[in-house]
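# Examining the three-dimensional arrangement
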Amino acid sequence: LFAQWRPIGPDYNPGFGTGRIECIAFDPGFDGNRNKIMYAGSPTGGLWKSKDAGKTWSNKEVSTDGLSYIGIADIAINPSDPKIIYIAQGTRYSIKYPFFLKVYKSVNGGKNWEEASSGISLPLDSAQHISRILIDTENPQELYVATSGGIFRSRNSGSSWKLILKGNYHGL
């Protein structure tokens, strides 16, 4: 009746750990047999990738070390092209860190990242963050983010965003 849990990683940062795991995303073709690719995001440890269904983890192929902040609040993978990955920077539980309002996009499986946050702006006088990113499965150019200031939509793969619903949202 009770599950038996054991740590399987990521565990790369000796002495400090990687903190909590905030999100997990599976490659759209994940089947646990031939395709075993999955990703984990940590607010203090960045983005990690597993090619063996979570047995081992590495941040070498999906490095977020070059970003202004390595923390990851959410991950979304394009269902039509799994090399296109979006990440929400930061943590869902930020305390006065306005730089958590950034989305990054990779078109090469996480090797390189470019900011894709134009239009996502909220007052910086209080803690603001992005909690969730979703990709429309019927139209992968249409994205949604849930933030502490509302829901934003992009109709052009993250090139620009528009606020469509005000409020404090943690999920979609």
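From a predicted model like this one, the values you see are computed outputs, not experimental measurements.

What follows covers the overall build of the protein chain. Across its full length, the protein chain carries zero helices and 11 strands. Written out in order from the N terminus, the α and β elements of the protein chain read β-β-β-β-β-β-β-β-β-β-β. Counting all 172 residues of the protein chain, 45% fall into the buried class. Here the analysis covers contacts within the protein chain between residues at least 6 apart in sequence; of these, 42% occur between residues at least 24 apart. Carbon and sulfur atoms form 52% of the exposed surface of the protein chain, whose accessible area is close to 9500 Å².

Note that soluble globular proteins tend to have their nonpolar side chains buried in a common cluster. Tyr-86, Val-103, Ile-120, Ile-130, Ile-133, Val-145 and Trp-161 are the most contacted members of the largest nonpolar core, which has 16 residues in total. Elements with a minimum of two residues in this core: strand 4 (72-77), strand 5 (85-89), strand 8 (130-135) and strand 9 (143-147). Per-element tally for this core: the top contributor is strand 8, with three residues. Excluding its chain neighbours within four sequence positions, the residues that come into contact with Val-145 are Val-103, Ile-120, Ile-130, Arg-132, Ile-133, Gly-150, Ile-151, Phe-152, Trp-161 and Leu-172. Ranked by size, the runner-up nonpolar core spans 13 residues in total, among them Ile-72, Ile-75, Ile-77 and Ile-85.

Our focus in this paragraph is the side chain of Lys-105. With respect to the helices, strands and loops of the structure, Lys-105 is situated in strand 6 (residues 103-106). At 5.2 Å, Glu-114 is the nearest oppositely charged side chain to Lys-105, a buried residue that forms no salt bridge. A polar side-chain atom of Lys-105 sits 3.5 Å from the main-chain carbonyl oxygen of Ser-157.

For the rest of this paragraph, the subject is the environment of Phe-26. The residue Phe-26 is located in strand 1 (residues 23-26) in this model. By relative accessible area, which is 43% here, Phe-26 ends up partly exposed.

Conventions adopted
Residues numbered from 1 in each chain as written. Predicted model: local features only at pLDDT ≥ 70, side-chain atom pairs only at ≥ 80, totals over all residues. Heavy atoms only, no water. Helix = DSSP H or I, 4+ residues; strand = E, 2+ residues; numbered from the N terminus. Buried < 20%, exposed > 50% of the residue type's maximum accessible area, 1.4 Å probe, protein only. Contact = heavy atoms within 4.5 Å. Areas by Shrake-Rupley, 256 points an atom, 1.4 Å probe, with all protein chains shown as cover. Core = buried A, V, L, I, M, F, W, Y, C linked by side-chain atoms within 4.5 Å. Lys, Arg positive; Asp, Glu negative; His and termini not counted. Salt bridge = Lys/Arg side-chain N within 4 Å of Asp/Glu carboxyl O. Polar contact = N/O pair within 3.5 Å; in protein donor to acceptor, adjacent residues only side chain to side chain.

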